[in-house]
Amino acid sequence: MRFFPHYVISGFSNMYLLADDESREAALIDPGYFDGELLKLIESHGLTVSAVLVTHAHESHIAGIATLLRIYEAKIYSFRPKILDYPTIPTREGDVIRVGKLRFDVIETPGHSRDSLSFRVANLLFTGDTLTAGLTGTAAHDQAHHLLLSSIRKSILTLPDDTIIFPGHGPPTRVCLERADNAMLNELCPRSRSSSAFF
Amino acid sequence: MIVRQSCAAEGCGGIAVWNSAHCAAHLPDAAAYLADLKARLAGGSSFEAVHLSGIALEGFDLSGKEFVCSDWSGASLTGCAFTGVKFNLVFLDRGRLARCRFEGAKVKWSVFAETEITGCEFINTDVFRCNLNAARIANTPFRNATLYSTRFIGAHFQAVEFENCNLLRSHFEMADLSGARFSNSNTEEAFFDRERIEE
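Residues numbered from 1 in each chain as written. Chains lettered and ligands numbered in written order. Predicted model: local features only at pLDDT ≥ 70, side-chain atom pairs only at ≥ 80, totals over all residues. Heavy atoms only, no water.

**Looking at the overall build of chain B**
Inference 1: Each helix and strand counted, chain B has 2 helices and 13 strands in total.
Inference 2: Since a compact globule built from 199 residues should have a radius of gyration of about 16 Å, the 17 Å found for chain B is in line with a globular shape.
Inference 3: Taken along the three principal axes of its C-alpha coordinates, chain B extends 55 × 35 × 30 Å.
Inference 4: Within the span of chain B, comprising 199 residues, buried residues form 55% of the whole.
Inference 5: Across chain B, every contact between residues at least 6 apart in sequence was considered, and the portion connecting residues at least 24 apart equals 7%.
Inference 6: For chain B, the accessible surface area stands at approximately 8000 Å², while carbon and sulfur atoms represent 45% of it.
Inference 7: Chain B carries 19 positive and 24 negative side-chain charges, and their two centres are separated by 3 Å. (Helix = DSSP H or I, 4+ residues; strand = E, 2+ residues; numbered from the N terminus. Rg over C-alpha atoms; globule rule 2.2 N^0.38 Å. Buried < 20%, exposed > 50% of the residue type's maximum accessible area, 1.4 Å probe, protein only. Contact = heavy atoms within 4.5 Å. Areas by Shrake-Rupley, 256 points an atom, 1.4 Å probe, with all protein chains shown as cover. Lys, Arg positive; Asp, Glu negative; His and termini not counted. Charge placed at Lys NZ, Arg CZ, Asp CG, Glu CD.)

What follows is the structure in structure tokens.
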């Protein structure tokens, strides 16, 4: 497996390119922008993007899809049936997405948004805005916040300790680190504890 | 990518270190391994998947080297030189860095969470999108350093000076900042707890 994180400065978000070594098929997670630099990265490694995996349909995670689809015939996998008017393959908990020999397991993690998904491949987990290093995603109201915490506890913190989390914003982390140090996972920690409501 | 082998020792769940079937704790001859490691590292300039979890290195000069997708979790590095080093996706969480110099280093997408950092120097260093959450940092200057999008959430600082640093989108929420001093750095573009912002 080849793996490249890519920073999208327009939305301060992360997108991730993962490719199967043999088939050179690649998946792009959360293309928040599509620029020459990303195209060069893809092409210089002889890759073809055949799948777009959307953790949730906020602009900073999908805005590059239109440009991408002009270049590559890629299937879009999302909780929603349509993204930016493009039809998707609606994706649910327990689904498996195969890209070459790569296997992505789909985990529903609602809370930050109703359509939030996480994708797991090997020991890597892509959480979008559900969980980032030291923080949780924002939620629209208290009920959504409880749903968010429940999603994280049930579906992410139960994964093996050394699962590496690649979030939609900010640096990577590990499951064991979030379990130990993420104060926002504490019910007593109010939603307004952090000043960083930026995603 | 971050594919690791388990230690060959029966019942051990540890991660085998680079070029060995065993984890750091089960190396048959640790001294010989370290000598061999030193020679191998001296003989190359760019390394991928160099896993050194739990290893203790002292006095290694890794200046100018490049490390990609490497797991150094729990490693203890003392008196090592990392001048001009490049780290990309290096995981040195829950480790120890003592008297290490990172002058001119370029560190990105890397994790130093829960690591104890003492007597180190980050001068003219780029620390981009790194995770230093819950790190314990003492007697360590960050001077003319770019800490763009790096997180120090819940970190503890003792005699740590940030001088002329770029703190754009860096995070310090829930950190113990009583031992940190910021001078000529753009704190207004970093994220702190609300109490600090309202000071």
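**Examining the sheet that holds strand E3 (residues 66-71) of chain B**
The pairing of strands in a sheet comes from backbone hydrogen bonds and takes either a parallel or an antiparallel form.
Residues and elements named next belong to chain B.
Inference 1: Pairing is parallel in the open sheet, where 5 strands are placed in the order E1-E3-E5-E7-E10. At either end of the open sheet lies a strand with only one pairing partner, and these are strand E1 (46-48) and strand E10 (126-128). On average, each strand axis in the sheet is inclined to that of its neighbour by 15°, with strand direction left out of account.
Inference 2: Of the pairings in the sheet, the one linking strand E7 (residues 106-108) to E10 comprises 3 bridges and is parallel in character. Each residue of the ladder has a partner; that of Lys108, found in E10, is Phe128. (Pairing = 2+ DSSP bridges. Axes fitted to C-alpha atoms, helices over the stretch in contact; angles between N-to-C directions.)

**Some words on the interface of chain A and chain B**
Inference 1: Counting residues at the interface gives 38 residues for chain A and 33 residues for chain B.
Inference 2: In total, about 2900 Å² of surface goes out of reach between chain A and chain B, with carbon and sulfur atoms giving 58% of it.
Inference 3: At the surface where chain A touches chain B, the tally comes to 3 salt bridges.
Inference 4: The shortest N-O distance in the salt bridge between B:Asp71 and A:Arg174 comes to 3.1 Å.
Inference 5: Inspection of the region where chain A meets chain B yields 12 residue pairs in polar contact (both at pLDDT 80 or more).
Inference 6: Of all elements in the fold, only strand E1 (2-8), strand E2 (13-19), strand E15 (164-167), strand E16 (173-174) and helix H5 (175-181) of chain A reach the threshold of two or more residues within the side of chain A that touches chain B.
Inference 7: Looking at the side of chain A that touches chain B residue by residue, the class counts come to 21 nonpolar, 13 polar and 4 charged. (Buried area = accessible area lost by both parts, 1.4 Å probe. Salt bridge = Lys/Arg side-chain N within 4 Å of Asp/Glu carboxyl O. Polar contact = N/O pair within 3.5 Å; in protein donor to acceptor, adjacent residues only side chain to side chain. Nonpolar A, V, L, I, M, F, W, Y, C, P; charged D, E, K, R; others polar.)

**Description of the sheet that holds E16(A)**
Residue and element names in this part refer to chain A.
Inference 1: Read from one edge of the open sheet, 6 strands run E9-E10-E11-E12-E15-E16, paired in mixed fashion. Looking at the sheet topology across the chains shown, the edges are occupied by strand E9 (96-99) and E16.
Inference 2: Where strand E11 (residues 117-121) meets strand E12 (residues 124-128), 3 bridges bridge the pair, whose relative direction is antiparallel. In the sheet register, Val121 faces E12, and the bridge partner there is Leu124.

**Some details on the packing of aromatic side chains**
Inference 1: Considering all chains together, one arrives at 33 aromatic pairs over all chains under this definition.
Inference 2: With 5.5 Å between their ring centres and 90° between their planes, B:Phe172 and B:Phe182 make a pair best called edge-to-face. Here B:Phe182 lies in strand E13 (residues 180-183) and B:Phe172 lies in the loop between strand E12 (156-163) and E13, a separation of 10 residues in the sequence.
Inference 3: Between A:Arg92 and the ring centre of A:Phe79, over which it is positioned, the NZ or CZ distance is 3.9 Å.
Inference 4: Here the basic side chain of B:Arg169 rests over the ring of A:Phe12, its NZ or CZ set 3.7 Å away from the ring centre. (Phe/Tyr/Trp six-rings, centres within 6.5 Å; stacked < 30°, edge-to-face > 60°. Lys NZ or Arg CZ within 6 Å of the ring centre and 35° of its normal.)

**Quick word on the environment of A:Leu177**
Inference 1: In this structure, A:Leu177 sits in helix H5.
Inference 2: Each C-alpha atom of the pair A:Leu177 and A:Leu157 lies 9.9 Å from the other, and the pair is 20 residues apart in sequence.
Inference 3: If we skip the residues at most four places from it in the chain, A:Leu177 touches A:Asn182, B:Asp93, B:Arg94, B:Val111, B:Ala113 and B:Glu114.

**Details of the nonpolar core**
Inference 1: Counting residues in each nonpolar core, the largest one holds 54 residues, and the members touching the most others are B:Trp72, B:Phe157 and B:Phe162.
Inference 2: Only helix H1 (30-42), strand E5 (86-91), strand E11 (136-143), E12 and E13 of chain B provide two or more residues apiece to this core.
Inference 3: Other than its neighbours up to four places away in sequence, B:Phe157 contacts B:Ile137, B:Phe152, B:Phe162, B:Phe172, B:Ala175, B:Asp176, B:Leu177, B:Gly179 and B:Ala180.
Inference 4: Judged by nonpolar contacts, the second largest core, of 32 residues, contains A:Tyr16, A:Ile97, A:Leu102 and A:Val106. (Core = buried A, V, L, I, M, F, W, Y, C linked by side-chain atoms within 4.5 Å.)

**Topic: the pattern of salt bridges**
Inference 1: As enumerated under the stated definition, the model contains 13 salt bridges over all chains in all.
Inference 2: The salt bridge involving B:Lys106 is made with B:Asp126; its shortest N-O contact spans 3.2 Å. With B:Lys106 in strand E7 and B:Asp126 in strand E10, the pair connects residues that are 20 residues apart, well separated along the chain.
Inference 3: Relative accessible area serves as the criterion here: at 43%, B:Lys106 is assigned to the partly exposed category.
Inference 4: Each of A:Asp162, A:Arg174, B:Arg4, B:Asp71 and B:Asp93 takes part in salt bridges that share partners, so that together they form one network.

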